[in-house]
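# Coordinate analysis (summary)
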Amino acid sequence: MSLLKQKLHEKILAERPRTEKLVKEFSNVKADEVTIGQIIGGMRDIKSLVTDISYLDPHEGIRFRGLTIPEVLEKLPKVPDAEMPYVEGFFYFLLTGDIPTEKEVEDVHEEFNNRKDVPKYVYDIVRAMPRDSHPMTMFATAIMSMQRESIFAKKYHEDIKKTDYWDPYYEDSMNLLAKLPEIAAYIYRLKYRNEEIIPGDPHLDFGGNFARMLGIDKPYDDIARLYFILHSDHESGNVSAHTGHLVASALSDIYYAISAMLNGLAGPLHGLANEEVLRWLHGVMEKMGGKIPTEDEMKKFVYETLDSGHVIPGFGHAVLRKTDPRYMAQREFCLKHLPDDPIFKYVDLLFKVVPPILLERGKAKNPWPNVDAQSGVIQWHYGVKEYEYYTVLFGVGRALGVCSNIIWSRALGYPLERPKSLTTKMLEDIAFGKK
Ligand code: HAX
């Protein structure tokens with residue numbers, strides 16, 4: 001058994017009694033109350049999910065297993081000659097809550113390496129799709145097509161106990177995660193680089209190998225690592241994480257769950273926002289003839305967008321009420337590596353100009369930038385100029401967190417998710433005081 005699986009098993013046995021006790025002795029204790037505004041308003045803020053893998057404090061931002069982003073970047077084992085930690089080590093940390101040793105990181109690397117070969121039929125299916133298919137559609141389709149590989153789907157029809165479900169979910173997750181960089185890079189090279197596929201190098205780590213298969217030199221390997229880590233998890237209520245959780249709660253296997261997760265991520269109010277940011281910025285650049293606008297000129301563009309009924313992409317958040325620390329981590333990278341990039345200058349100007357305007361308009365609950373405001377800029381700078389691809393990168397990262405959550409959901413025996421609906425008439429009766 002791999003070191004990761006062994007550690008995970010120990011952790012599961014240690015954690016189970018906590019959940020069992022809560023369910024057995026405290027099931028009727030209220031954790032929250034729900035208003036009509038929340039029921040109609042997208043279930044915003046209703047406390048109805050549980051995860052120990054990450055927690056999003058509205059005023060502090062994300063913590064992964066209790067650590068802030070700067071702490072994660074500092075404490076996890078780093079790739080030699082690189083600034084960023086191993087994605088393999090980060091995944092170990094997400095899944096177990098422990099900082100891995102070098103040996104444990106190497107063990108995850110070996111596990112991924114042994115499972116990374118993508119069946120040929122997956123590539124055939126992707127190649128058969130029209131070349132103008134969105135890369136997210138190609139990515140989700142590739143993953144769906146591998147459902148026939150699911151170990152859980154086979155074991156379910158054999159004699160497997162519910163308490164052991166986590167094991168085939170873990171195996172399926174490892175098999176799938178190992179292949180994601182290969183599939184994502186394949187889609188990129190197929191669509192945007194004349195179908196010239198670059199083979200991976202088994203000696204390289206998850207992020208480094210992805211950069212190689214994309215065909216981009218250093219420091220893009222560090223960008224890949226940073227990007228996958230930052231986008232991995234944002235607790236359970238966001239559309240992609242929640243979709244993955246919901247689908248797997250029906251005991252649909254990891255292939256069904258992760259392709260569904262990607263379909264949720266592909267929306268412009270969620271993961272597609274990074275694409276929208278670059279499209280919007282290039283629109284402004286074109287109008288400015290490439291020159292950096294003054295603050296007043298930039299304000300004019302922001303007002304124009306708002307007055308035409310559109311949102312400013314990359315700003316606002318359903319939970320956060322401050323600047324997203326994932327934005328700040330990427331901003332630091334930009335300040336260090338690409339301070340003179342014209343698009344970075346645009347983004348920095350927006351950081352100054354947009355929040356006061358959104359505050360003045362009084363609608364957005366959070367006027368500050370989110371992760372997507374900054375991420376496309378870095379990709380563009382290093383030559384990934386195809387905006388529509390950015391959400392695929394987000395998807396590779398998000399799968400790390402969603403797979404971890406799904407494995408734990410099976411390990412702790414979380415049941416089928418099934419909230420209750422009411423009719424509008426019932427809400428009116430509640431609102432007007434009738435029973
Ligand atoms: N520009 C203009 N108006 C905005 C806004 C923005 N950036 N952010 C919020 N608002 C508006 C909303 O559209 C809403 O208006 P209506 O009442 O007319 O519908 C109002 O302010 C209240 O919205 P909210 O409660 O503050 O925000 P929501 O929880 O409803 O939505 C969103 C959160 C992230 C979807 C929203 O802020 C938005 O559309 N932002 C721009 C798109 C974006 O950047 N999305 C990526 C978010 C991060 C993420 O999930 N990445 O994957």
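Basis of the calculations
- Within every chain, residues take consecutive numbers counted from 1 along the sequence as written.
- Per-residue local features of the predicted model are confined to residues with pLDDT of at least 70, and side-chain atom pairs are confined, for both listing and counting, to 80 or more; whole-chain, interface and lining totals are unaffected and use all residues.
- Note: side-chain values were computed over all heavy atoms of the structure, leaving out hydrogens and water.
- Put simply, DSSP H or I for four residues or longer makes a helix, DSSP E for two residues or longer makes a strand, and each gets a number counted from the N terminus.
- Partly exposed residues are those whose accessible area sits between 20% and 50% of the maximum for their type, while under 20% is buried and over 50% is exposed, using a 1.4 Å probe and protein chains only.
- In this scheme, patches are assembled from residues that exceed 30% relative accessible area and form no salt bridge. Like charges are connected within 9 Å, while nonpolar side chains (Val, Leu, Ile, Met, Phe, Trp, Tyr) are connected within 5 Å.
- Areas reported as accessible are Shrake-Rupley estimates using a 1.4 Å probe. Residue values count occlusion only from the protein chains shown.
- What counts as a salt bridge is simple: a side-chain nitrogen of Lys or Arg found within 4 Å of a carboxyl oxygen of Asp or Glu.
- We define a nonpolar core as any set of buried Ala, Val, Leu, Ile, Met, Phe, Trp, Tyr and Cys residues linked to one another through side-chain atoms lying within 4.5 Å.
- Under this definition, polar contacts are N or O atom pairs within 3.5 Å; protein pairs additionally need one hydrogen-donor-capable and one acceptor-capable atom, and for neighbouring residues in sequence, both atoms have to be side-chain atoms.
- Both site types are read off a 1 Å grid over the protein atoms alone. A 1.4 Å probe that fits but cannot get out defines a cavity, while an open set with protein on both sides within 12 Å along at least five of seven lines defines a pocket; lining residues have an atom within 4 Å of a point.
- Grid points are joined across faces, edges and corners, and a volume is the space filled by probe spheres set on the points.
- Nonpolar residues are Ala, Val, Leu, Ile, Met, Phe, Trp, Tyr, Cys and Pro. Charged residues are Asp, Glu, Lys and Arg, and all others, Gly as well, are polar.
- Under the convention used throughout, the expected extent of a helix is 1.5 Å for every residue step, that is, one less than its residue count.
- A residue's bend is the angle separating two fitted axes: one through the seven residues that end there, the other through the seven that start there.
- Note on geometry: axes are C-alpha line fits, over the in-contact stretch for helices, and angles between N-to-C directions span 0 to 180 degrees.
- Angles below 35 degrees are treated as roughly parallel, those above 145 as roughly antiparallel, those between 65 and 115 as roughly perpendicular, and all remaining angles as oblique.
- With the far helix as reference, a near helix turned anticlockwise by less than a right angle produces a left-handed crossing, and one turned clockwise produces a right-handed crossing.
- Whether two residues are in contact is decided by their heavy atoms, any of which lying within 4.5 Å being enough.
- Planes of paired rings set the category: under 30 degrees apart is stacked, over 60 is edge-to-face and the rest tilted, where pairs are Phe, Tyr or Trp rings (Trp by its six-membered ring) whose centres lie within 6.5 Å.
- Whether a charge lies above a ring is judged from NZ of Lys or CZ of Arg, which has to be within 6 Å of the ring centre and within 35 degrees of the ring normal.

A few words now on unusual backbone geometry. Note that the residue after Lys-218, namely Pro-219, is joined by a cis bond; omega there is 5°. Looking at the element boundaries, Pro-219 is found in the loop between α10 (206–214) and α11 (220–230). Residue Met-43 is not a glycine yet carries a positive backbone phi of 60°. Looking at the element boundaries, Met-43 is found in the loop between α2 (36–40) and β1 (54–57). For Met-43, a relative accessible area of 49% puts it in the partly exposed group. A positive phi angle is found at Arg-65, which is not glycine, with a value near 45°. The topology assignment puts Arg-65 in the loop between β2 (61–64) and α3 (69–75).

Taken together, the side chains of Val-34, Ile-36, Ile-39, Ile-40, Leu-422, Met-426 and Ile-430 define a hydrophobic patch exposed on the protein surface, amounting to about 630 Å² of accessible area. Of all elements in the fold, only α2 and α20 (424–431) reach the threshold of two or more residues within the nonpolar patch. The element best represented in the nonpolar patch is α2, accounting for 3 residues. Along the polypeptide, Leu-422 turns up in the loop between α19 (390–411) and α20. On the basis of relative accessible area, Leu-422 is assigned to the partly exposed category, the value being 44%.

Here the focus is the nonpolar core. Formed by 129 residues in total, the largest nonpolar core has its most connected members in Phe-139, Phe-210, Tyr-220 and Tyr-389. Here this core gets 16 residues from one element, more than from any other, and that element is helix α9 (residues 166–192).

Moving on, we come to the side chain of Asn-405. Its location among the elements puts Asn-405 in helix α19. A distance of 3.3 Å separates a polar atom in the side chain of Asn-405 from a polar atom in the side chain of Asp-233.

With that settled, the discussion passes to empty space enclosed by the protein. In total, this model carries 2 cavities of 30 Å³ or more according to the counting rule given. Taken as a whole, the largest cavity spans an internal volume of roughly 120 Å³. What lines the largest cavity is Glu-88, His-109, Phe-112, Asn-113, Lys-116, Ala-178, Pro-181, Glu-182, Leu-204, Asp-205, Phe-206 and Asn-209. Mapped onto the lining of the largest cavity, the elements with two or more residues apiece are α5 (102–115), α9 and α10. In the lining of the largest cavity, the residues fall into 5 nonpolar, 3 polar and 4 charged.

Of the volumes computed, that of the second largest pocket is approximately 330 Å³. In terms of lining residues, the second largest pocket is bounded by 17 residues, among which Ile-69, Pro-70, Leu-73, Ala-329 and Glu-332 are the most central. Listed by contribution, the elements that provide at least two residues to the lining of the second largest pocket are α3 and α16 (325–337). The greatest single-element share of the lining of the second largest pocket, amounting to 7 residues, is contributed by α16. Within the lining of the second largest pocket, the residues separate by chemical class into 9 nonpolar, 2 polar and 6 charged.

Right, let's talk about α9 for a bit. Compared with an ideal rise of 1.5 Å per residue, which puts 27 residues at 39 Å, α9 spans 38 Å between its outermost C-alpha atoms and is within 8% of the ideal. At Leu-180, α9 shows its largest kink, close to 35°, and the proline Pro-181 lies no more than four residues downstream. The element α9 is extensively covered by neighbouring structure, given that 26 of its 27 residues are classed as buried. Backbone geometry just downstream of α9 places Asn-194 in the positive-phi region, at approximately 50°.

It is the contact of helix α18 (residues 372–381) with α19, at a shortest axis distance of 10 Å, that shows an interaxial angle of 110°. By the angle class used here, α18 and α19 are roughly perpendicular. In the packing of α18 onto α19, the handedness of the crossing is right-handed. Note on element contacts: α19 touches α18 through Tyr-390, Leu-393 and Phe-394, opposite Asp-372, Gly-376, Gln-379 and Trp-380. Of the residues assigned to the contact of α18 with α19, the class counts are 4 nonpolar, 2 polar and 1 charged.

Let's shift gears to the packing of aromatic side chains. Summed over all chains, the structure comprises 16 aromatic pairs. An angle of 65° between the planes, with centres 5.3 Å apart, marks the rings of Phe-210 and Phe-228 as edge-to-face. One end of the pair, Phe-210, is in helix α10; the other, Phe-228, is in helix α11, and 18 residues separate them in sequence. On the basis of relative accessible area, Phe-210 is assigned to the buried category, the value being 0%. For Phe-228, a relative accessible area of 0% gives the class buried. Taken together, the ring pairs connect Phe-91, Phe-112, Phe-206, Phe-210 and Phe-228 into an aromatic cluster. The ring of Phe-301 carries Lys-300 above its face, with NZ or CZ at 5.7 Å from the centroid. Between Arg-410 and the ring centre of Tyr-169, over which it is positioned, the NZ or CZ distance is 5.7 Å.

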